[in-house]
Amino acid sequence: MFIYKAGVVGAGAMGAGIAQVISFSGLPVVLKDTDQERVDKGIGMIRKVYQGRVDKGKMTASEMDQKMKLVMGTTSYDDFKDCDLVIEAVFENMKVKHQVFQELEKVLPETAIMASNTSALSISQIASAVKKSDKVIGIHFFNPAPVMKLVEVIPGLQTSTETVDDAVAFVESLRKMPVRVKECAGFLVNRLLLPYLNEAAYAFQEGSAPADEIDKAMRAFGMPMGPFALLDMLGLDVCADVSMILYDSFGPRMKAAEILGEMHKNNRLGVKNGIGFYVYDESKTGDLKPTVDAIQAKTGIKGTPFSPERLVFQMINEAAFCLEENVASPSDIDLAMLAGTGYPQDKGGPLHTADAIGIDVVVEKLKEFSKQLGPRFWPAPILKRMVSANYLGQKTKRGFFNY
Ligand code: 3HC
């Protein structure tokens, strides 16, 4: 099926970013939100991305005008009536998502694909609200959508093979990299990234190191930005939503660090409202020390040691759980982390990192972290099986990959 026109519901940072990507590929796109102010804000964000390209000489002003003409803002579902594919990018509330999909089904052509950009909610549950559930699929972009190459394609239980193939072809036509992911909470990348971010938050609240030092250490490891800068960019509200979904599905090993909930409660949402772990708007102030002290008094945990491994091993362990559950192949897991989070290219992805360290060393270190920091580090069963079969990584020439 060829997509001649697409739509996006929700003109926030992700929705606008996705609409920019679609228009950039040369396809007309309808961008909808509930009121004109939000629509205008979204269109303003798209214009800013194009203007950046013009300023850098990557595009002429007239090319920018051509691209902007492909974007139509609206507050009405009726404008989706000739769209072949619509991506929903509203906030993470199942009730709201159900309403959106029911509205879409009323106006869209029978053959149209209804996609969700949800970060972690169940695609099958979203699809359960509509009749044409075989046309519902997850098409999950990464922030900032204009830059990040990866797009996860997640079929729900009801999704037809044809819909999956069409979604993959559509993502390729946007010059992005599609990775098919088996449905699970957080899908693939968020399921690995959130425990990493969460571990940074535990280290911070336990006084292991200040946020800027942790960020610096992770940049030195090779990540494009530190975990706190990333939490602030994603939004502490978004991260709280995703954390809750992960905890609900995977239990205690995904329990969010208390500081994340406190940040959300105290409206320190990050870049979007001028203050998160860092301050972006000089009119906003607020020392996090009293909050950290209160958390330490409540948990009785402070002064734990910080090391970059503490964060990276969370990612590696969750990657191993994902592999065991066939969420994706080893090479897709690594590729997704490179293209979706900027995981350092020279390290090849978390599973290649594990192979380089040695799976036996990874297991021993996870056991040590488990004793020292908590059972959230309990090694994934597959890691122990690999050690028992001498799949130790590069040193025995076989691990997650063959050498
Ligand atoms: N919108 C559009 N373009 C942007 C942008 C934005 N918000 N931010 C940066 N860019 C562009 C810049 O204009 C620049 O373009 P150029 O190459 O044409 O000059 C390019 O990206 C590089 O930007 P910078 O030089 O300013 O800075 P960096 O090299 O540090 O890159 C970054 C910025 C791309 C954000 C990089 O730091 C990065 O990859 N960070 C990791 C982001 C990440 O992990 N994203 C995934 C989060 S998880 C998620 O989104 C899932 C959700 O469900 C929660």
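Residues numbered from 1 in each chain as written. Predicted model: local features only at pLDDT ≥ 70, side-chain atom pairs only at ≥ 80, totals over all residues. Heavy atoms only, no water.

## A word on the overall build of the protein chain
- Along its length, the protein chain carries 17 helices and eight strands.
- At 22 Å, the protein chain has a C-alpha radius of gyration in line with the 22 Å of a compact globule built from 403 residues.
- Structurally, the protein chain occupies a C-alpha span of about 55 × 55 × 45 Å along its principal axes.
- With 403 residues in all, the protein chain has 56% of them scored as buried.
- Restricting to contacts in the protein chain with at least 6 residues of sequence separation, those with at least 24 account for 69%.
- Accessible surface, the protein chain as shown: approximately 17,300 Å² in total, 54% of it carbon and sulfur. (Helix = DSSP H or I, 4+ residues; strand = E, 2+ residues; numbered from the N terminus. Rg over C-alpha atoms; globule rule 2.2 N^0.38 Å. Buried < 20%, exposed > 50% of the residue type's maximum accessible area, 1.4 Å probe, protein only. Contact = heavy atoms within 4.5 Å. Areas by Shrake-Rupley, 256 points an atom, 1.4 Å probe, with all protein chains shown as cover.)

## A look at the domain arrangement of the protein chain
- Domain annotation for the protein chain reports domain 1 (6-180), domain 2 (189-299) and domain 3 (308-396).
- Between the two partners, domain 1 and domain 2, sit zero salt bridges.
- The tally of links from domain 1 across to domain 2 stands at two residue pairs in polar contact (both at pLDDT 80 or more). (Domains from an automatic or database assignment. Salt bridge = Lys/Arg side-chain N within 4 Å of Asp/Glu carboxyl O. Polar contact = N/O pair within 3.5 Å; in protein donor to acceptor, adjacent residues only side chain to side chain.)

## Observations concerning the environment of K95
- With respect to the element layout, K95 can be found in helix α4 (residues 94-107).
- Take K95: its relative accessible area is 65%, and that puts it in the exposed class.
- Distance in space between the C-alpha atoms of K95 and M337 is 30 Å, their sequence separation being 242 residues.

## Points about the side chain of S370
- Counting through the fold element by element, S370 comes out in helix α16 (residues 359-373).
- Owing to a relative accessible area of 11%, S370 belongs among the buried residues under this scheme.
- Not counting the four nearest positions on each side in its chain, S370 is found in contact with P375, F377 and W378.

## Thoughts on the pairing of strand β7 (residues 150-155)
- Taking burial as the measure, the six residues of β7 include five buried ones, the bulk of the element.
- Pairing of strand β6 (residues 136-141) with β7 involves five bridges; the strand directions are antiparallel. Across the sheet, residue G138 finds its bridge partner in β7, namely I154.
- Alignment of β7 against strand β8 (residues 177-180), held across four bridges, turns out to be parallel. (Pairing = 2+ DSSP bridges.)

## Details of the environment of I22
- With respect to the element layout, I22 can be found in helix α1 (residues 13-24).
- When its relative accessible area of 0% is taken as the criterion, I22 is described as buried.
- Between the C-alpha atoms of I22 and P155, which are 133 residues apart in sequence, the distance is 21 Å.
- Setting aside its immediate chain neighbours within four residues, I22 contacts A6, V8, L27, P28, V29, I87, F170 and L174.

## Comments concerning the side chain of H98
- If you trace the backbone, H98 turns up in helix α4.
- From its side chain, H98 meets the backbone oxygen of Q125 in a polar contact 2.7 Å long.
- Once residues within four sequence positions are removed from consideration, H98 is found in contact with Q125, I126, S128 and A129.

## Here's the deal with the sheet that holds strand β5 (residues 113-116)
- If you walk across this open sheet you meet the eight strands as β3-β2-β1-β4-β5-β6-β7-β8, and the pairing is mixed. Strand pairing shows two members of the sheet lacking a second neighbour, β3 (71-74) and β8, which therefore form its edges. Averaged over neighbouring strand pairs, the angle between their axes works out to 25° when direction is ignored.
- In this structure, β5 lies alongside β6, joined through three bridges in parallel fashion. If you follow M114 over to β6, its bridge partner there is V136. (Axes fitted to C-alpha atoms, helices over the stretch in contact; angles between N-to-C directions.)

## Quick look at the pattern of salt bridges
- This model, assessed by the stated rule, comprises 21 salt bridges.
- Taking the shortest distance from any N to any O, the salt bridge between E103 and K106 comes out at 3.3 Å. Of this pair, E103 and K106 both sit in helix α4, three residues apart, which is roughly one turn of the helix.
- Assessed through its relative accessible area of 30%, E103 is described here as partly exposed.
- Look at K106 and you get exposed, because its relative accessible area is 63%.
- A salt bridge links E368 to K365; the shortest N-O distance between them is 3.5 Å. Linking E368 with K365, this pair stays in helix α16, spanning three residues, or about one helical turn.
- With relative accessibility at 41%, the residue E368 sits in the partly exposed group.
- Judged by relative accessible area, which is 26%, K365 ranks as partly exposed.
- Salt bridges linked by common partners bring R191, R253, E318 and E325 together as one network.

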